[in-house]
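# A structural walkthrough
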Amino acid sequence: MNHKVLFTKAVAMLSMMGLAATPGLSRAAGVDFYAGADLVQMTTDVDPDGLVDALTFRTQHLRLKGGVNVTKWLAVEAQLLSGADDTATEDFGSGKYGTGTTLGLFAKPHVTFRRVDLYGLLGYARAEATIDCVLSCPPVFEATLDGLAYGFGVQFLVTKKLKISLDYTAYHDGSATFNDGTITATPDVWTTGFGLGVNYRF
């Protein structure tokens, strides 16, 4: 079975286990829900053939997120990022890269030191992407970017319910299959982002 399918099922199972445990844990251990919003500066490097410099695209996104702390050290978090596009130029040509809405689902282990939370992110992300005018125009290539996503971050407690968060997340790291209906290309794509925002605990 494809490793992406296995990983997706594992993340989904972890999430369902966490959500299934929520009612009992809430009564017994004070499980809480949270929601938040961030501004994310995303960088995407697209390497067409490994022989020339990658095209680098920089985009800004609004990220909405929500989750539940299923234990004192583990949360399950869902993320939704807005789409954006950018144009970049290198010696061999220029290109325009865009993404639609990005969806992410993460296990979020965390540890608290006084008023500071340190956490990791491990899960699955998916986005539809387009790229055109790389090497030649007008072909528009489309791809689905999905697979392992990971990151880490820090949260600072402002009040008992409000936190400021800063994080780094890699949403895609590997090859992607782009197709314009006739031609297929498999460039390497690295998409990473730095986010700054707030979380509110209910």
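Whatever comes next refers back to the structure up there.
Right, let's walk through the structure included here. Source: prediction; values computed, not measured.

### Considering the pairing of strand 2 (residues 55-69)
Across a regular strand the side chains alternate sides, sitting on one face of the sheet and then on the other. By the bridge criterion, 14 bridges tie strand 1 (residues 33-47) to strand 2 in an arrangement that is antiparallel. If you follow Gly36 over to strand 2, its bridge partner there is Lys65. The sheet contact formed by strand 2 and strand 3 (residues 74-81) spans 7 bridges and is antiparallel. When the bridges of strand 3 are listed, Gly66 appears paired with Ala78.

### Section: the pattern of salt bridges
Summed over all chains, the structure comprises 7 salt bridges. Residues Lys163 and Asp117 are paired through a salt bridge, measuring 2.4 Å at the closest nitrogen-oxygen approach. Placement of Lys163 in strand 9 (residues 162-175) and of Asp117 in strand 7 (residues 116-132) is noted, with a sequence separation of 46 residues between them. Residue class for Lys163 comes out partly exposed when judged on its relative accessible area of 23%. Assessed through its relative accessible area of 6%, Asp117 is described here as buried. Where Arg126 meets Glu128, a salt bridge forms, and the shortest distance between an N and an O atom there is 3.6 Å. Salt bridges here are not isolated pairs; linked through shared partners, they connect Asp38, Arg63, Lys65 and Asp167.

About the thresholds
- Residues numbered from 1 in each chain as written.
- Predicted model: local features only at pLDDT ≥ 70, side-chain atom pairs only at ≥ 80, totals over all residues.
- Heavy atoms only, no water.
- Pairing = 2+ DSSP bridges.
- Helix = DSSP H or I, 4+ residues; strand = E, 2+ residues; numbered from the N terminus.
- Salt bridge = Lys/Arg side-chain N within 4 Å of Asp/Glu carboxyl O.
- Buried < 20%, exposed > 50% of the residue type's maximum accessible area, 1.4 Å probe, protein only.

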